[in-house]
Amino acid sequence: MNRKFNEIDSTLRGLNHSTDAHFKWLVTILRFVSSRDIELAEITQEDAHDHCEFGQWLNVQLQQEREDRHFLLDINIKHNRVHQACRQILNTIENDEGRSGAFDAFEAALLEFTESISLYKQHLLQLRTSYDALTGLPLRRILDESFDRLNEGADGAGLYLLLLDIDHFKKVNDNYGHLTGDAVLRSLALNLEDNVRRSESVYRYGGEEFIILLRAESDREATAAAERLRHIIAAVETVSGEHVIRITFTSGLTRVHRGEPLREVLERADMALYRGKHGGRNCTILIGKNLDCINVSH
Ligand SMILES: Nc1nc2c(ncn2[C@@H]2O[C@H](COP(=O)(O)OP(=O)(O)OP(=O)(O)O)[C@@H](O)[C@H]2O)c(=O)[nH]1
């Protein structure tokens, strides 16, 4: 499965688990209040927020370099406040002072804390919808959003777009069933991701259409990469019951020119793909900016 997709799922699981742990922490406070003889770091210490299970999970997340760090930093502040407000209540109990202000502050801190968690969850769930549930690959929306950034500055040098479409995929569904078709799509996605560089990305563009943004210095290098992928996929066997299924794909490959809109690049790649399908399939067609097509398969 795609690394980013797995990361979103694992963060959501971790967030749910640690939020549950924070509800248990509230019960621990009551236990602590009813028998003060126990010493609990997650309640009494200055840095109590680092000792509770939620805080430990949060600290691990904050050590990673991640795009959603601002959500985590906000949660961290709110989480810290909950622990401070809790200590404040305990102090007022200990010193037998008026408590209503401390309880109000605790309630407000808890509400702000849960609000910050909800905002982060909302963000993660929204992000998750930009990934394909079947293959885990980023969907078209992510390509739309990231393409301009990828195609500018030093990063924009040597970018190629490969649009590939499985050959006669309808027959796979018709002959072996939709579930087997799904397994073939999953296996294709996995093999494509396993065989591109870390700086390259695979997207599920539509039903049986995928896009890869390749890094290459020349047409020659890009076609070699595209051909390598075509041969790797043609050799993959997906087993379904007593059947062994192999697929091929046809692809349109084109250089992305600096500052060029995605729509234009896609139109060109689609034109090349169309040529490949009509020329017999299982091939790679390279198309230039002047729309000249060359079949580069070997
Ligand atoms: N199992 C499965 N099938 C899908 C999915 N998305 C699209 N398809 C199928 O992909 C097939 C695409 O068929 P066509 O557009 O006729 O293309 P093709 O059979 O691959 O033929 P060519 O592209 O011309 O080589 C259809 O049968 C769709 O139902 C999916 O998520 N799962």
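Parameters and conventions
Residues numbered from 1 in each chain as written. Predicted model: local features only at pLDDT ≥ 70, side-chain atom pairs only at ≥ 80, totals over all residues. Buried ≥ 20, exposed ≤ 12 C-beta atoms within 10 Å, placed from the backbone. Helix = DSSP H or I, 4+ residues; strand = E, 2+ residues; numbered from the N terminus. Pairing = 2+ DSSP bridges. Right-handed = clockwise from strand over helix to strand, strands pointing away. Axes fitted to C-alpha atoms, helices over the stretch in contact; angles between N-to-C directions. Contact = placed C-beta atoms within 7 Å. Core = buried A, V, L, I, M, F, W, Y, C linked by C-beta atoms within 7 Å.

(A) Focus on the pairing of strand β7 (residues 284–287). A two-sided burial pattern is seen for β7, the buried positions comprising T284 and L286 on one face and I285 and I287 on the other. As defined by bridge partners, strand β6 (residues 249–255) adjoins β7 across four bridges and the pair is classed as parallel. Along β7, the bridge assignment pairs L253 with L286. Between the parallel elements β6 and β7, the chain passes through helix α11 (residues 262–278) in a crossover that is left-handed. Where β7 and strand β8 (residues 293–295) come together, three bridges link them in antiparallel fashion.

(B) Quick look at the sheet that holds β7. Reading across the sheet, the six strands line up as β2-β3-β1-β6-β7-β8 and stay open at both edges, with mixed pairing between neighbours. Two strands lie at the open edges of the sheet, namely β2 (201–204) and β8, each paired on one side alone. Averaged over all pairs of adjacent strands, the angle between strand axes in this sheet comes to 20 degrees, irrespective of strand direction. Strand contacts of helix α10 (residues 219–235): β1 (159–166), β3 (209–215), β6 and β7, with the helix running at about 165 degrees to β6, the strand carrying the most contacts.

(C) Local environment of the nonpolar core. Ranked by internal contacts, the top residues of the largest apolar core, which has 41 residues, are L161, L162, I211 and L253. At seven residues, β1 tops the list of elements feeding residues into this core. Sequence-distant contacts of L253, defined by excluding residues within four places in its chain, comprise Y160, L162, A222, T223, A226, A269, A272, T284, I285 and L286. Core analysis: the second largest hydrophobic core is formed by 15 residues, L15, A48, F71 and V82 among them.

Purely geometric numbers; function is a separate question.
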